[in-house]
Amino acid sequence: MPIASQRSILGIAQALFDAAPGAHFFYSFSQAVAQGTSLPLLVTSLIATTAFNSTYTYSPLLPVTEFAEQFTNDLLGDRASLADKSMVITFITSQVAAGVPRDDVMSTIFGILAGITNEDQTWGAAAAFYKQEVVTKILDHLLGYSPGIAETKKYLLQEITDAAAKDSAALGERIVFYVSVLDAIPEYDPQFGELAHRFHNKLAASEYYSLNLALSGASLTELQSVVAPVTADDTTVLLARMKADYFSANPPWLNDCMVVSAACDISNSDVSPYKSLIIDPGAESLPLATVTMTAAQAAAFNSITKGAGGRLAVVDTIAGINAYTGWLESADSIIGVVTKTVDLTTTNLATLIELKIDDGTSTAIVATVTTAQASALFGNLTKGNSDKLAVLDSIATIIAAPTLAHADQVTGIVSTTSDLSTINLERLTDLIIAPGSGASISVSMSAAQAEKL
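Residues numbered from 1 in each chain as written. Predicted model: local features only at pLDDT ≥ 70, side-chain atom pairs only at ≥ 80, totals over all residues. Heavy atoms only, no water.

## A few points about the overall build of the chain
Piece 1. The number of helices and strands found in the chain is 17 helices and 16 strands.
Piece 2. For the chain, the share of sequence-separated contacts (at least 6 apart) that also reach a separation of at least 24 residues comes to 52%. (Helix = DSSP H or I, 4+ residues; strand = E, 2+ residues; numbered from the N terminus. Contact = heavy atoms within 4.5 Å.)

Here it is, written out as structure tokens:
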């Protein structure tokens, strides 16, 4: 099949279902086109499916009459007379009684309604409302929900529905036309470049899943999950491909997981579509996969698991890190990154393999830990420019620890009565005596020590 036709099918799947077609449906659609079905007719037939009309979903346990009444009222509302709706209900119940599956009966009615002109005296109002509903859904899939494109969507909605008002074939034709227009817009276009970039990225993820890996997916939800997180940010395509690679070798229940197999910084990415995070390069012999994210992002995941060679770096504040490290297979390979002044003395840092104090600038920030916490981090306590480590309680162990990138920027904090006369205080920038409770404490040191401070 020509590349242009392949992209048209990928674009139609995106427009109608907000999903990758998957290998199975891509082949099915391609075969239909190869056998003479035009792309507009393919669109028209897919619009009539219950998969597209997913808002009309009913329990299979509903009695036939109740199902027929609910569906008819939901679809037609007050846009048809009671007598006409009664006729539709009778048609549905008779078809189901004859053995026709409920989904097939619904598809028949969707197709009939989409093909009626708006001028029809009996069904025109219902047809117009339904076609507007259809086009609105498709434009949402194609263009997203950004407030900045509201006027564009309003114009396209009017243009497409006007075209389809008198010509039932126009609906499919306009959808195919605008899919091709969006695909042809250059990403540097000042007005629509970002929309085109988003669409191109979704097609790239869809193509990799459906064609390169030939994955079919177990459900529409799974196929939608392939493109749902993809935006105009190219990083999201990389993530989608890594996830698809993981799909190809693992069970299908991973459809709401973010899967990362290589070093990646997602701290500026939207992780809301995902419930879980899997960090797995695949083997210990492969390059280390360090995933960097904010503490808020990490806390939002229901679970975080790691395979061999996976690491998690949490930026901003690591307070509350214990809330989600319980899901990690190798909890000792988490890096905590502090980028603002924070008191960590009540935070359990036992799960960290490394603590970094660095906001990336020369602005001074202070991270406060206890000597026990600092000692437990051994050689994996590092600081950037002008960052300080404040060590609470006894300062004996920190002075001997060769762990600081800038050891001359260590603040010692003494909160209990202490004799410091035998302790080397030369590594301290300053010493703070703060009991914290208002109680009086005594700190002893030599005159030489005090003078150097």
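Moving on, there is more to tell.
## Notes on the packing of aromatic side chains
Piece 1. One pass over the structure, following the stated rule, counts 10 aromatic pairs.
Piece 2. Measuring from ring centre to ring centre gives 5.8 Å for Tyr-58 and Phe-67, while their planes differ by 75°; the resulting arrangement is edge-to-face.
Piece 3. Note on Tyr-58: relative accessible area 16%, which makes it buried.
Piece 4. When the ring centre of Phe-129 is taken as reference, the NZ or CZ atom of Arg-79 above it lies at 3.7 Å.
Piece 5. Here the guanidinium or amino end of Arg-102 rests over the ring plane of Phe-67, the centre of that ring lying 4.9 Å away. (Phe/Tyr/Trp six-rings, centres within 6.5 Å; stacked < 30°, edge-to-face > 60°. Buried < 20%, exposed > 50% of the residue type's maximum accessible area, 1.4 Å probe, protein only. Lys NZ or Arg CZ within 6 Å of the ring centre and 35° of its normal.)

## So, the pattern of salt bridges
Piece 1. Scanning the model with the defined rule gives four salt bridges in all.
Piece 2. The shortest N-O distance in the salt bridge between Asp-183 and Arg-7 comes to 2.7 Å. On the criterion of sequence distance, the pair formed by Asp-183 in helix α9 (residues 170-184) and Arg-7 in helix α1 (residues 3-17) is long-range, its members being 176 residues apart.
Piece 3. Using a relative accessible area of 24% as the deciding quantity, one classes Arg-7 as partly exposed.
Piece 4. Between Lys-166 and Glu-119 there is a salt bridge whose closest N-O contact spans 3.7 Å. You can see Lys-166 sitting in helix α8 (residues 150-166) and its partner Glu-119 sitting in the loop between α6 (102-114) and α7 (124-143), a full 47 residues away along the chain. Here Lys-166 and Glu-119 have matching classes, each one exposed. (Salt bridge = Lys/Arg side-chain N within 4 Å of Asp/Glu carboxyl O.)

## Remarks on helix α4 (residues 64-76)
Piece 1. Taking 1.5 Å per residue, 13 residues should reach 18 Å; α4 reaches 18 Å between its end C-alpha atoms and fits that length.
Piece 2. Among the residues of α4, Phe-67, Ala-68, Phe-71, Thr-72, Leu-75 and Leu-76 are the ones counted as buried. Looking down the long axis of α4, one finds its buried residues gathered within 125° of arc, a one-sided arrangement.
Piece 3. One or two residues past the end of α4 sits Gly-77, with phi positive at roughly 55°. (Expected span 1.5 Å × (residues − 1). Arc of directions from axis to C-beta.)

## Looking at α9
Piece 1. With 15 residues, α9 ought to run about 21 Å at 1.5 Å a step, and its terminal C-alpha atoms sit 21 Å apart, in line with that.
Piece 2. Every buried residue of α9 is listed here: Ala-170, Leu-171, Gly-172, Ile-175, Val-176, Tyr-178, Val-179 and Leu-182.

## Let's talk about the environment of Ala-126
Piece 1. By secondary structure assignment, the location of Ala-126 is in helix α7.
Piece 2. A relative accessible area of 0% places Ala-126 in the buried class.
Piece 3. Taking the C-alpha atoms as reference points, Ala-126 and Arg-79, separated by 47 residues in sequence, lie 5.1 Å from one another.
Piece 4. Ala-126 has contacts with Leu-76, Arg-79 and Leu-113, leaving out every residue within four places of it along the chain.

## Some points on the side chain of Thr-236
Piece 1. Relative to the helices and strands, Thr-236 resides in helix α12 (residues 234-247).
Piece 2. Sequence-distant contacts of Thr-236, defined by excluding residues within four places in its chain, comprise Pro-229, Val-230 and Thr-231.

## So, the confidence of the model for the chain
Piece 1. With 83% of its residues at a pLDDT of 70 or more, the chain has an overall mean of 82.
Piece 2. Across residues 319-327, confidence stays below pLDDT 50; counting only partners more than four residues off in sequence or on other chains, it has 24 contacts. (pLDDT = per-residue confidence, 0-100.)

## As for the environment of Thr-93
Piece 1. Residue placement: Thr-93 occurs in helix α5 (residues 82-97).
Piece 2. Placed 30 residues apart in sequence, Thr-93 and Pro-63 show a C-alpha to C-alpha distance of 9.9 Å.
Piece 3. Once you skip the residues sitting within four places of it in the chain, Thr-93 turns out to touch Val-64, Thr-65 and Ala-68.

## Quick notes on the sheet that holds strand β5 (residues 303-306)
Piece 1. In spatial order, the strands read β1-β3-β5; together these three strands make up an open sheet with parallel pairing. The sheet is open, and its two borders are formed by β1 (257-260) and β5, each paired with just one other strand. Each strand axis lies, on average, 15° off the axis of its neighbour in the sheet, ignoring direction.
Piece 2. Pairing geometry for β1 and strand β3 (residues 276-279), over four bridges, is parallel. Residue Val-260 lies in a different strand from β3, and its bridge partner there is Ile-279.
Piece 3. Seen against the sheet, α12 touches β1 and β3 and runs at an angle of roughly 95° to β1. (Pairing = 2+ DSSP bridges. Axes fitted to C-alpha atoms, helices over the stretch in contact; angles between N-to-C directions.)

## Re the pairing of strand β10 (residues 365-370)
Piece 1. For β10, the tally of buried residues reaches five of six residues, placing the bulk of the element in the interior.
Piece 2. The pairing of strand β8 (residues 342-343) with β10 spans two bridges and is parallel. Pairing of Asp-343 across the sheet is with Thr-368, part of β10.

## Some thoughts on unusual backbone geometry
Piece 1. Unlike most non-glycine residues, Asp-18 shows phi in positive territory, near 55°.
Piece 2. In this fold, Asp-18 is placed in the loop between α1 and α2 (22-34).
Piece 3. Take Asp-18: its relative accessible area is 24%, and that puts it in the partly exposed class.
Piece 4. A positive phi angle, close to 55°, is found at Ala-214, a residue other than glycine.
Piece 5. Along the chain, the position of Ala-214 falls in the loop between α10 (193-212) and α11 (220-227).

## Some points on the packing of α7 against α9
Piece 1. Contact pair α7 / α9: the axes reach a minimum separation of 12 Å and the direction vectors enclose 15°. Between α7 and α9, the crossing angle belongs to the class labelled roughly parallel. The interaxial crossing formed by α7 with α9 has right-handed handedness. Of the residues in α9, those touching α7 at Lys-131, Val-134, Val-135, Ile-138, Leu-142 and Leu-143 are Leu-171, Ile-175, Val-179 and Leu-182.
Piece 2. Partitioned by chemical class, the residues of the contact of α7 with α9 number nine nonpolar, no polar and one charged. (Parallel < 35°, antiparallel > 145°, perpendicular 65-115°, else oblique. Left-handed = near helix turned anticlockwise from the far one by under 90°. Nonpolar A, V, L, I, M, F, W, Y, C, P; charged D, E, K, R; others polar.)

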